[in-house]
Structure formats: structure tokens, C-alpha cells
Amino acid sequence: MSLLRSFGQALQRSVEVARDETAKMMRMEISPTSKNQGALLIYAMTQPAHLSNFATGSDSDIGGLSQCRLGLDESSRGRFYGTLSSQVPRGGKIEKSGYAGFRNRNRPTLFGNQCWDTTVHPYLALRVRNKLAKKSVGADKVEKADAHGGSGLRAALHASDPSGPAASRAVHALGLGRKELPGPKFFVNIQTDGPVTSDLFQHRLYLDESKGSDWQTVVIPFDDFVLTNTGQVSNSQVSMMREKIRTVGISAVLDVPVPPSASKPPSKDAPPSALSRSSRSTDAAQEDDWAVDGDLRADGGEEGPIRGSKRGATYNFDLGLESVYAVGELDELDGVFQS
């Protein structure tokens, strides 16, 4: 992307920010609500032009064998697919592998990064499907899916109180301690425009198994997201800056984040579980590169220990994504998603 084009896009976003703030003042929205604002579109993935707004990455950026791609399916809706490999190649500088992900790119303006303000929208709604899932019939399957987060806003409205110790909060949000078959697990990842750029708010993307590969709407309360840092649950849980959400993404991983009780200082080459941004400085041309911005690439300037190949398993994943919204009420979703 040329410097002139990047500046033009930043200028356009700056005009949008100024226009939106002016409109709020003209409407005198002292106490805005989701009812007078409606559902807030975070992003859609329904046109080829939309794909350039996203960055992708996997452990292959630092020597792993996982691969991922982002495209459109036959119905012109987003498709995030690839393979996850737990194998550590001979001579690699990583201890573990098996992750891939995508997120929207940063949106710089003349006033800083453009962010989404979800203050009056307490829920995140995603229209997704697992193309490799097989439909399971039975009430017990539906009840089990509802018990682990459900797929609708009604389930989200009755979610447990997110307050409490970090470990107990993370049990449901991240699926810690669940007995499940090995394979890809999907997470929703949120970055805010806060002072600690490696902080990441995460929540498991629980899919209704009874729907198989059909499209479904998953709704997650923003307050249920758990703060993690470099793949570990943070002992100090803070509220998400919902007025400054910078990126929203999805990752496919083989291992869930580490709970605080099992945490140990991360090694220099330990990859993050998802899309955390490096705290080291980068130039403007590199800022939106996934491997740099996500801190997924090993430092080639230092000699690391050479290890033999560690055997592992390989799994396919194929997740469809139409769009992501922030909502406040169930009826706000009417008509926003395709059938």
C-alpha cells in the first residue's frame, strides 16, 4: 500500500470521526442508548474488498507448521480456514505450536486510532458457522451447548456474574478444565486502545453443536471477556475500555490460555495465544503487518537453542463469518444478518 493511499485513507477516517462527534453534539445525545442508535456494525465480510481490512497470522510466522487463509465462500461470506499443527520442527525456536488467527487492521487517523464505542451496546453478536461440524440430534446436546454459553442473546442475558477471582472467571469464559476431544478451539479476541498493548480480552466462541454446519448467531456479553497477556490469564482483571475497542478477531488454537495458578514467566519465544500486539517499537510501514503487530515472528538476530523435531498432530479448521455487531437488545438483530 502506497504512502499516499495510506494517508488518504487516514484522512478519510479522520473526517468520519469529526463528522460523528459533530452529529452527536448536534443531536445533544447527553445519555445515548442502544435503542436510539441501533445495532453497531463492527465489520462485515461479504465482499472481496472487505478482505483487505484484515490481517492473518499463524505459528508458521515463527517456525511452526500451522497455516491459515481468509477468503469468501460460495455464498460470498467470509471463510477462515487452514490447518493447525502441534508439531515443533527440528531446529525451531518455539516450545509449542498450533494456533492461527485473524483480526481487523488498525485504522489510524489524524487523531489516533479509530475505535468502536460500545458503551451502550453490552453484547457482541457474531454470525458464524463451523463448516466441518456434524449436526448432532438430541436435547442433551442442545442443553449442553446452552450450558456453555448458548448461541442466542437470551442465553447471554442469563450469563453468570463475571465478577470474582481471575481463575474462576476464566473457567467458563475460556473453557478451562473442560473434557473435550483434541482439535481446534475458537476464541474471540478484543484489543482496546489502552496503555498496555499486549493486553488481550478473550472469550471462547461456543458453537451450538445441534446446528452442525448451519449458520448461527453467537452472542457474548462484553463483561464476560477475560483479560489475558501473552497467553496467560492476568491475575489483575480490569474492566474493558468498551469506548475504545481497537480490534476484534478470532483465533483457532489447540491449547487454551494458561490459568493464573499455572502461570510462569513466559519465555522470550513463547507465542501469544492470539492477537496481542508487540510493545516494541515498529516503523509506520510495519505497524499493520500481522507478524510484527501481533509479535508472532521470532527474533532472527539472536541464536536460540536448536531442538530436534517434536512429533505432533494436524487438524483442519474451517470457520465461516458473515459479520460482527455490538448490540443492546434482541430485536436489534432483526434483519441485520443474512438468512
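Just above, that's the structure.
Just so you know, these numbers come straight off a predicted model, no measurement behind them.

This part is about the environment of Asp331. Here Asp331 is to be found in the segment after β15 (314-327). Under the relative-accessibility criterion, Asp331 is labelled exposed at 54%. Considered as a pair, Asp331 and Ala39 are 292 residues apart in the sequence and their alpha carbons are 9.3 Å apart.

Further remarks concern the sheet that holds strand β12 (residues 226-229). Sheets are built from strands that pair by backbone hydrogen bonding, the pairs being arranged parallel or antiparallel. Judged by pairing direction, the sheet is antiparallel, and its 7 strands sit side by side in the order β2-β5-β14-β9-β10-β12-β13 without closing on themselves. The two strands at the open ends of the sheet, each matched to only one other strand, are β2 (54-58) and β13 (232-233). Relative to strand β5 (residues 99-104), β2 runs antiparallel, the two being bridged by 5 bridges. Of the residues in β5, the one forming a bridge with Phe54 is Asn104.

The next thing to look at is the pattern of salt bridges. Applying the stated rule across the entire model yields 8 salt bridges. A salt bridge links Arg79 to Asp318; the shortest N-O distance between them is 2.9 Å. In this pair, Arg79 is assigned in strand β4 (residues 78-85) and Asp318 in strand β15, connecting sequence segments 239 residues apart. Judged by its relative accessible area of 24%, Arg79 falls in the partly exposed class. You can call Asp318 buried: its relative accessible area is 7%. When the shortest N-O distance is used, the salt bridge between Asp255 and Lys96 registers 3.3 Å. Here Lys96 lies in the loop between β4 and β5 and Asp255 lies in the loop between β14 (245-253) and α6 (290-293), a separation of 159 residues in the sequence. Since its relative accessible area comes to 49%, Lys96 is described here as partly exposed.

For the coordinates displayed, the defined rule picks out 7 aromatic pairs. Taking 6.0 Å as the distance between ring centres and 75° as the angle between the ring planes, the aromatic pair formed by Phe54 and Phe102 counts as edge-to-face. With Phe54 in strand β2 and Phe102 in strand β5, this pair connects stretches of sequence that are 48 residues apart. We note that Phe54, like Phe102, is buried. When the centroid spacing of 5.0 Å and the interplanar angle of 50° are considered together, the rings of Phe80 and Phe317 count as tilted. Residue Phe80 is located in strand β4, and its partner Phe317 is located in strand β15; the two are separated by 237 residues in the primary sequence. Classification of Phe80 by relative accessible area gives buried; the value is 2%.

Analysis parameters
Residues numbered from 1 in each chain as written. Predicted model: local features only at pLDDT ≥ 70, side-chain atom pairs only at ≥ 80, totals over all residues. Heavy atoms only, no water. Helix = DSSP H or I, 4+ residues; strand = E, 2+ residues; numbered from the N terminus. Buried < 20%, exposed > 50% of the residue type's maximum accessible area, 1.4 Å probe, protein only. Pairing = 2+ DSSP bridges. Salt bridge = Lys/Arg side-chain N within 4 Å of Asp/Glu carboxyl O. Phe/Tyr/Trp six-rings, centres within 6.5 Å; stacked < 30°, edge-to-face > 60°.

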